[in-house]
Amino acid sequence: MASSVRGTETVAALQTGNPQRSIRVYDLGKTDYTAVLALQRRLQAGRRGPNREDTLLLTEHGPVFTLGRAHPEPDLRVATAVVRAAGIEFVQTERGGDITYHGPGQLVIYGVIDLREWAIGVVDYLAGLEDAIIGTLGDFGVRGDRSPLGRGVWVGERKIASVGLNVRRGVTMHGAAFNVAPNMAHFELINACGMPGVQMTSLAAALGADSVLVAQVRDAFVGHFAKTFGCATSPGDTDQLASRA
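In what follows, the accompanying structure is described. Just so you know, these numbers come straight off a predicted model, no measurement behind them. (Residues numbered from 1 in each chain as written. Predicted model: local features only at pLDDT ≥ 70, side-chain atom pairs only at ≥ 80, totals over all residues. Heavy atoms only, no water.)

### A closer look at the overall build of the protein
A tally of regular secondary structure across the protein gives eight helices and 11 strands. For the protein, whose C-alpha radius of gyration is 17 Å, the value lies close to the compact-globule estimate of 18 Å for 245 residues. Principal-axis analysis of the C-alpha atoms gives the protein an extent of 50 × 40 × 30 Å. Looking at the protein as a whole, 53% of its 245 residues are labelled buried. A separation of at least 24 residues holds for 79% of the contacts in the protein among residues at least 6 apart in sequence. Accessible surface for the protein amounts to roughly 10400 Å². Of this, 51% is attributable to carbon and sulfur atoms. Across the protein, the mean location of the 24 positive side-chain charges is 5 Å away from that of the 24 negative side-chain charges. (Helix = DSSP H or I, 4+ residues; strand = E, 2+ residues; numbered from the N terminus. Rg over C-alpha atoms; globule rule 2.2 N^0.38 Å. Buried < 20%, exposed > 50% of the residue type's maximum accessible area, 1.4 Å probe, protein only. Contact = heavy atoms within 4.5 Å. Areas by Shrake-Rupley, 256 points an atom, 1.4 Å probe, with all protein chains shown as cover. Lys, Arg positive; Asp, Glu negative; His and termini not counted. Charge placed at Lys NZ, Arg CZ, Asp CG, Glu CD.)

### Considering the packing of aromatic side chains
A full pass over the atoms with the stated rule returns eight aromatic pairs. Taking 5.8 Å as the distance between ring centres and 55 degrees as the angle between the ring planes, the aromatic pair formed by W118 and F229 counts as tilted. Taken together, the positions of W118 in helix α4 (residues 115-118) and F229 in helix α7 (residues 214-229) put the pair 111 residues apart, joining distant regions of the chain. For the pair shown, W118 and F229 are each scored as buried. Each residue in the set W118, Y125, F221, F225 and F229 is aromatic and connected to the rest through ring pairs, giving one cluster. (Phe/Tyr/Trp six-rings, centres within 6.5 Å; stacked < 30°, edge-to-face > 60°.)

### Topic: the pattern of salt bridges
A full pass over the atoms with the stated rule returns 13 salt bridges. Between D114 and R48 there is a salt bridge whose closest N-O contact spans 2.3 Å. In this pair, D114 sits in the loop between β6 (106-112) and α4 while R48 sits in the loop between α2 (33-46) and β2 (55-61), placing the two residues 66 residues apart along the sequence. For D131, the salt bridge goes to R146, with nearest N and O atoms at 2.8 Å. Here D131 is found in helix α5 (residues 122-139), whereas its partner R146 is found in strand β7 (residues 145-147), with 15 residues between them in sequence. Comparing D131 with R146, the two get one shared label, buried. (Salt bridge = Lys/Arg side-chain N within 4 Å of Asp/Glu carboxyl O.)

### Quick look at the sheet that holds β6
Strand order in this open sheet of eight strands is β7-β8-β9-β10-β6-β2-β1-β11, and the pairing throughout is mixed. Only two strands of the sheet have a single neighbouring strand rather than two, namely β7 and β11 (232-235). Averaged over all adjacent pairs, the angle separating strand axes in this sheet is 25 degrees, with direction ignored. Of the strand pairs in this sheet, strand β8 (residues 150-155) and strand β9 (residues 158-168) are connected by three bridges, and their pairing is antiparallel. (Pairing = 2+ DSSP bridges. Axes fitted to C-alpha atoms, helices over the stretch in contact; angles between N-to-C directions.)

### Remarks on the layout of surface pockets
A volume near 350 Å³ is recorded for the largest pocket. R95, G96, G97, V163 and G164 are the residues nearest the centre of the largest pocket, which is lined by 26 residues in total. Elements supplying a minimum of two residues to the lining of the largest pocket: β5 (100-102), β6, α5, β8, β9 and β10 (171-179). Counting residues per element, the lining of the largest pocket draws most heavily on β9, at five residues. (1 Å grid on protein atoms, 1.4 Å probe; cavity = no way out; pocket = protein on both sides within 12 Å on 5 of 7 lines; lining within 4 Å. Points joined across faces, edges and corners; volume = space filled by probe spheres on them.)

### A look at the environment of V153
Locating V153 in the fold gives a position in strand β8. Leave out the neighbours within four places in its chain, and V153 touches E130, I133, I134, L137, G144, D145, K159, I160 and A161.

### Considering the pairing of strand β3 (residues 64-67)
Going residue by residue along β3, you find V64 and T66 tucked away on one face and F65 and L67 tucked away on the opposite face as well. Sheet topology places β3 next to strand β4 (residues 89-92); four bridges connect them, and they run parallel. From the neighbouring strand, L67 faces β4, where its bridge partner is Q92. Read from β3 through helix α3 (residues 80-85) to β4, the crossover connection turns out right-handed. Two strands pair when backbone bridges link them, and β3 and β5 are joined in this way by three bridges, in the antiparallel orientation. (Right-handed = clockwise from strand over helix to strand, strands pointing away.)

Quick look at the structure:
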């Protein structure tokens, strides 16, 4: 397992960037995946236009399996009929990575950010998301790390958070999925991230708790995101978000 010291080095590098970084944070609550996917696409397309604000969307989705752009066929451990019977849909996306699960109890993090204005690269941004999640886990007394097996954040030999992006003209969409206290049985239906031998975990499982509030984790994450990227954050009005997009 890779050491989290690497994350400390990444934080230092990211914080030496543009001191004018700022981002508007929107807590969307529980949402439909396809609706927020469409919102991200509109925000990404408009980011280099009149509405030049960088945006961080935080949400929980209803149960859904999403597919990366290079993996349109779902990598399942069960028959497709079993997934359909569970009421879980498949959605093709333009992000990198393979199949993953979103559902209640998972903090989903979407950044629509102009990386060129932030003076960072795609890999730096992915590493920064991982660092912010590792820092958040630390607030709860859980050690998070990277792994040579692939991107994301791991607790021991189990993966607790996945990352995947789409970048167009330097502007990001998609981001990270952080398992706080989701229905872990749904992960058993797929080879998560296209990795047959990998087991997923959650913050609740790491703590041996029945549940953990996503709201607590969300607030901690925003603080670590701001620290990692050296940016100012401010709450956004969700009623005005549609007009921006």
